[in-house]
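In case you want the letters, here they are:
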Protein chains: 2
Amino acid sequence: MFVMCVRNILSRSAFTVTLKRHSWRRCSTSQTETVDQVTTLLQLCVDRFFVSPGHANVELFQRGLCCSYGPLGMELRRNLLDQWWYSVTRSGAQVFGINTLSSSSRETPTGGQGQLRIVECEQLKQRLGQKELSKGRLAEEVHMLLQRSPSMRTNLLQGALEQFVPSLELVNRKLPFGLAETGLCFQPAEGSGCSAEVTQTSLVWFCSPRTSSQWLDHWTRQRLKWWRKFALSPSDFSSNEVQQEELEQAASRGVRIIYNFPWGQEVLACVWSRGDAELLHIHKGDRSKLQHRDGRRSIPHVVSVTANMDRGAMAFLSNSLQQLKREESKQKLHQRKVLKLHPVLVPIKVALNIGRGATVELRQICEGLLQEFLEAKISVWPGYLETLPTSMEQLNAKYDEMGVLFTIIIGENTLESGLLQVRSRDTTIKETMHISEIKNFLFRYISAADNI
Amino acid sequence: MFVMCVRNILSRSAFTVTLKRHSWRRCSTSQTETVDQVTTLLQLCVDRFFVSPGHANVELFQRGLCCSYGPLGMELRRNLLDQWWYSVTRSGAQVFGINTLSSSSRETPTGGQGQLRIVECEQLKQRLGQKELSKGRLAEEVHMLLQRSPSMRTNLLQGALEQFVPSLELVNRKLPFGLAETGLCFQPAEGSGCSAEVTQTSLVWFCSPRTSSQWLDHWTRQRLKWWRKFALSPSDFSSNEVQQEELEQAASRGVRIIYNFPWGQEVLACVWSRGDAELLHIHKGDRSKLQHRDGRRSIPHVVSVTANMDRGAMAFLSNSLQQLKREESKQKLHQRKVLKLHPVLVPIKVALNIGRGATVELRQICEGLLQEFLEAKISVWPGYLETLPTSMEQLNAKYDEMGVLFTIIIGENTLESGLLQVRSRDTTIKETMHISEIKNFLFRYISAADNI
């Protein structure tokens, strides 16, 4: 009999899971344990190829900024962005995707404050090297060069507001409709003089003035539900109304979607009701261009729905890491870490490995299965290519930390009878299955998780 | 009897299609007609929401740069990027996706030449405003600020070379393997002082020195085949070996993939055999870190495979536009433009419209079908929402210009017998089909086109 102590380290909801031979218990977490949790989480992200190594890079990630992602992190964020896109463009509402430039030469309403501009080095150095210029003229010339240099976008709102007029044609001037975009935005990093990149998603929703508050509620509900759909512990995602004094300029109402990280709460997403001021400003007050069909001269109101998907990826990693402790004897303490990412988000759905048997033949079977999975768009880890000897236990531990949903073992038995072994990440139970059934089994499992 | 004259405007391969009542002929194109073709193509891209309006924006697009895309252009480029990703990561070769930052503070091997840097405006203005500084000190301070500012990436190679060492762990130090990435790169725009954005795809392939030339050939073949797979007129895509004197620094061989635009040839993609110099440079000559398992102290060679996907989108639009002329009588000349984009790339697969009948009921059927299509990930145009009266002919003309594969008409007949009308973009033939069959029909049609 084992007694296992489960720390769903980043979750506050109590739960108990009972398996045949194990009993799992949740422990309370102290301050120092929280620090441990964070260290463990970040180390796992590096060790298991979610995030590239290096202290500075990991810090970017923890701060909710874009960093250098390894293959698993890249795929996780990609899945997250895809899911966001589907949920917004297939919600039944009229939403169109757009793509705007990340830098622009026009004046922005925020003026020069904290702005980042792209400067061509050579041109600036040329100016600095002009010996005949007075200091005043030099400063002036640099100023002018700066003014002409394109500025980097800090959000995706501006681009969508600009695209409002051509898009109005698309919908025969009928409201409501939305413009969706995902892409990099740039922010000045505090103090360092460096810039920081963030992967943002944006839905800019145009509606009649009297419905804007209802739409804000609609999108808040829809978004919170979306975040919670993929969570192991949904209660860590919450929303709160922004206080009057904290409202962004031009906004009349705002709601934030928050995630409880072990180190405190952070904002994942915002929904703002912004009125018509920014739309009018960008289109230079030309009301006739902005009017919709049933508008009786009213200008559409804007509801903006934004999220930071780098922080989103971090939130789901944090939410899904379970640390399980098992005391085998007084001397020995086993630790198991499992990344229980949602089947739709998890970067690798299945790992293919070989057991004992004729290696050449077993590999051939693996190659065949690999192709079959790839064609069905099921991401596979080709574990059978690894030639270093590893115990089954080490292998499972590694795959659990990567979040791999199922591990398939092809062995002698497969050659004889077509049977293979499938181990589940979540239950750790091993099942025997026929090779002809495995693809459909995985496909159904992932689809079912998607449709809940 | 009609006589129709087909100008497959951007294709040089002659072909003849015979339908029951029409005969189609290809015409030769003169210089002035080429100008017309380009104007027609660009106008269509704007009118049909591929590219946002505005002369400057359309010019960016024509020059093969990233521009502000409308919903259809955005979706086309998205499909193109997805296809690229699948073709590279599911080729059976060991390819891992990564994501690196688009700006970086470290020194780049290209030095200061033509470099773009992100400068924080306020900081620079502060320096310029310091009255007590001499001119020399001022120039020095600005220089230093510039040196500390992060530079924008011009390609995705650098990032992948940096990720080589952590990735080597992933593959147990075994070659060959590749790192794939897609993302924005920034280039100084000639003359204007502006920067230009390009959506690049990159596969950086690491292999043993003796196989690098074979791999270059392999990836060239694989890539050319990929471009041609989606083409209406594949012969417009070609490859040629780069001459010795035009080779990039460090490269020993190079091949370019070219597209024949109406205004001349442009480079879509490049495959370079780059040796090991850049890899060694980035890792500061630390050979022990770079050695692979069967290497006997040799350093991997790098083959880089890059493409410009903004120009790629332009190439496929250009390649797929057919202009058809039909003389009904001597006075009347009908023109039909059809965007015959590949079923996998085309942004909208199907349009849903209503014919005569009880509007409320017909709309309900459309809503149901829309949901069914969206769940099957088939992109739909909700034409039934349009309330302006349009003739069937105008509607077909519009959808042909958008490239919509099939147009479905739901009418009285549908209410009575469940039958609907399906019009094909490519054949213009209208078929009657039962409503229960339509989703599978579309799904099979698109899958079949994908697997050819």
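Everything quoted here is computed from the prediction, not taken from an experiment. Going along each chain's sequence as written, the residues are numbered from 1 onward. Labels are handed out in written order, letters beginning with A for the chains and numbers beginning with 1 for the ligands. Owing to the predicted nature of the model, reporting of local features is limited to residues with pLDDT of at least 70; listing and counting of side-chain atom pairs is limited to 80 or more, with chain, interface and lining totals taken over all residues. Here the side-chain values reflect all heavy atoms present in the structure, with hydrogen atoms and water set aside.

Draft legend 1. Representation of the relation of the copies chain A and chain B in the model. Each copy superposes on the other: chain A lies on chain B with an RMSD of 0.1 Å after a rotation of 180 degrees and an axial shift of 0.0 Å. Within this description, the copies of the chain are treated as partners about a two-fold rotation axis. In this analysis, two residues are considered to be in contact whenever any of their non-hydrogen atoms come within 4.5 Å of each other. Of the residues that chain A buries at the interface, 100% are likewise interface residues in chain B, meaning the two copies contact each other through the same surface. Superposition of the copies was done by least squares, using only C-alpha atoms of residues whose pLDDT is at least 70 in both.

Draft legend 2. Region of the structure containing the sheet that holds strand S18 (residues 419-424) of chain A. All names here are of chain A. Strand order across the open sheet formed by 5 strands is S16-S15-S17-S18-S19, with mixed pairing between neighbours. Each end of this open sheet is capped by a strand with a single partner; those strands are strand S16 (380-381) and strand S19 (430-434). Here, any two strands with at least 2 DSSP bridges between them count as paired. Runs of H or I in DSSP of at least four residues are treated as helices and runs of E of at least two as strands, each being numbered from the N terminus. In the sheet, strand S15 (residues 350-354) pairs with strand S17 (residues 406-410) via 5 bridges, with the strands oriented parallel. Note on S17: the bridge partner recorded for Leu 352 is Ile 408. To get an axis, a line is fitted to the C-alpha atoms, and for a helix only the part in contact is used. The angle between two axes follows their N-to-C directions and goes from 0 to 180 degrees. Packed onto the sheet, helix H15 (residues 438-451) meets S15, S17, S18 and S19 and runs at close to 175 degrees relative to S17.

Draft legend 3. Spatial organisation of the interface of chain A and chain B. At the junction of the two partners, chain A supplies 81 residues and chain B supplies 81 residues. Using a 1.4 Å probe, buried area is obtained as the accessible area two parts lose upon being combined, added over both of them. The junction of chain A with chain B conceals about 7,100 Å² of combined surface from both sides, 59% of it contributed by carbon and sulfur atoms. Considering only the side of chain A, the residues that lose the most area to chain B are Arg90(A), Asn99(A) and Lys135(A), jointly responsible for 9% of the buried surface there. Whenever Lys or Arg places a side-chain nitrogen within 4 Å of a carboxyl oxygen from Asp or Glu, that contact is recorded as a salt bridge. Viewed at the interface, chain B and chain A are joined by 2 salt bridges. With its nearest N and O atoms 3.6 Å apart, the salt bridge here joins Arg78(B) to Asp82(A). Counting residues per element, the side of chain A that touches chain B draws most heavily on helix H3 (residues 71-89) of chain A, which supplies 8 residues. One ladder, built from 5 bridges, connects strand S5 (residues 116-120) of chain A with strand S5 (residues 116-120) of chain B; its direction is antiparallel. The partner of Val119(A) across the bridge, within S5(B), is Arg117(B).

Draft legend 4. Region of interest: the packing of H3(A) against helix H11 (residues 309-320) of chain A. Residues and elements named next belong to chain A. Between H3 and H11, the least distance of the axes is 10 Å, while the angle of their chain directions is 110 degrees. Taken as axis vectors, H3 and H11 run roughly perpendicular relative to one another. Where H3 crosses over H11, the handedness of that crossing is right-handed. Mapping the contact onto sequence places Leu 76, Arg 77, Leu 80, Leu 81 and Trp 84 in H3 and Met 309, Asp 310, Gly 312, Ala 313, Phe 316 and Leu 317 in H11. For classification purposes, an angle smaller than 35 degrees is called roughly parallel, one larger than 145 roughly antiparallel, one from 65 to 115 roughly perpendicular, and anything else oblique. Two helices cross in a left-handed way if the nearer one is turned anticlockwise from the farther one by less than a right angle. They cross in a right-handed way if the turn is clockwise.

Draft legend 5. Fine view of the pairing of strand S11 (residues 264-275) of chain B. Residues and elements named next belong to chain B. Bridge count between strand S10 (residues 253-261) and S11: 9 bridges; the pairing is antiparallel. Its bridge partner lying in S11, Val 255 is registered against Val 271. The antiparallel pairing of S10 with S11 creates a hairpin that spans 2 residues between the two strands. Both S11 and strand S12 (residues 301-308) contribute to a ladder of 6 bridges, which runs antiparallel. By the bridge assignment, Trp 272 is partnered in S12 with Ser 304.

Draft legend 6. Main features of the UniProt feature "domain: Anticodon-binding" (unreviewed entry) in chain A. UniProt positions are given in the numbering used here, feature names are shortened, and annotations may be inferred rather than shown by experiment. Per the UniProt entry, the sites bearing "domain: Anticodon-binding" (unreviewed entry) are residues 357-442 of chain A in this numbering. Taken end to end, residues 357-442 of chain A is 45% helix and 21% strand, and its two terminal C-alpha atoms sit 25 Å from one another.

Draft legend 7. Representation of the pattern of salt bridges in the model. Residue and element names in this part refer to chain A. A complete count under the given rule lists 36 salt bridges over all chains for this structure. The closest approach of N and O atoms between Asp 450 and Lys 229, which form a salt bridge, is 3.4 Å. Placement of the pair is Asp 450 in helix H15 and Lys 229 in helix H8 (residues 212-229), with a sequence separation of 221 residues. A salt bridge links Arg 425 to Asp 426, with the nearest nitrogen and oxygen atoms 2.7 Å apart. Residue burial is assigned from relative accessible area. The probe radius is 1.4 Å, only protein chains are included, and a residue is buried under 20% of its type maximum, exposed over 50%, and partly exposed in between. Relative accessible area serves as the criterion here: at 2%, Arg 425 is assigned to the buried category. Three or more residues joined by partner-sharing salt bridges are found here, namely Arg 127, Arg 137, Glu 140 and Glu 141.

Draft legend 8. Spotlight on the pairing of strand S19 (residues 430-434) of chain B. Residues and elements named next belong to chain B. Where strand S18 (residues 419-424) meets S19, 5 bridges bridge the pair, whose relative direction is antiparallel. Within the sheet, the bridge partner assigned to Val 422 lies in S19 and is Glu 431. Between S18 and the antiparallel strand that follows it, S19, lie 5 residues; Thr 428 among them carries a positive phi value of about 60 degrees.

Draft legend 9. Focus on the environment of Arg423(B). Residues and elements named next belong to chain B. The topology assignment puts Arg 423 in strand S18. You can call Arg 423 buried: its relative accessible area is 8%. Not counting residues up to four positions away in its chain, the partners in contact with Arg 423 are Arg 336, Asn 396, Asp 400, Leu 405, Phe 406, Thr 407, Thr 428, Ile 429 and Lys 430. Polar contact is the term for a pair of N or O atoms within 3.5 Å; when the atoms are in protein, one must be able to donate a hydrogen and the other to accept it, and sequence-neighboring residues count only if both atoms are side-chain atoms. For Arg 423, the side chain forms a polar contact with the side chain of Asp 400, separated by 3.1 Å.

Draft legend 10. Broad picture of the domain arrangement of chain A. Boundary definitions for the domains trace back to an automatic or database domain assignment. Split into domains, chain A comes out as domain 1 (33-102 + 153-317), domain 2 (116-150) and domain 3 (348-451). For domain 2 of chain A versus domain 3 of chain A, the separation of C-alpha centres amounts to 60 Å.

Draft legend 11. Inspection of the environment of Asn155(B) at higher detail. All names here are of chain B. Positionally, Asn 155 belongs in the loop between strand S6 (151-152) and helix H6 (157-162). Here the alpha-carbon distance between Asn 155 and Thr 201, two residues 46 residues apart in the chain, equals 9.2 Å. Every residue in contact with Asn 155, bar those within four places of it in the chain, is listed here: Cys 185 and Gln 200. Looking at Asn 155, its side chain comes within polar contact range of the main-chain nitrogen of Leu 157, at 3.1 Å. At a separation of 3.5 Å, a polar atom in the side chain of Asn 155 contacts the main-chain amide nitrogen of Gln 158.

Draft legend 12. Structural context of the packing of helix H12 (residues 359-375) of chain B against helix H15 (residues 438-451) of chain B. Residues and elements named next belong to chain B. Where H12 meets H15, the closest approach of the two axes is 10 Å, and the angle between their N-to-C directions is 35 degrees. H12 and H15 meet at a crossing whose hand is right-handed. Residues Leu 369, Glu 372 and Phe 373 of H12 pack against Ile 438, Lys 439 and Leu 442 of H15. For the contact of H12 with H15, the per-class residue count stands at 4 nonpolar, no polar and 2 charged. Only Asp, Glu, Lys and Arg are considered charged, only Ala, Val, Leu, Ile, Met, Phe, Trp, Tyr, Cys and Pro nonpolar, and every remaining residue, Gly among them, polar.

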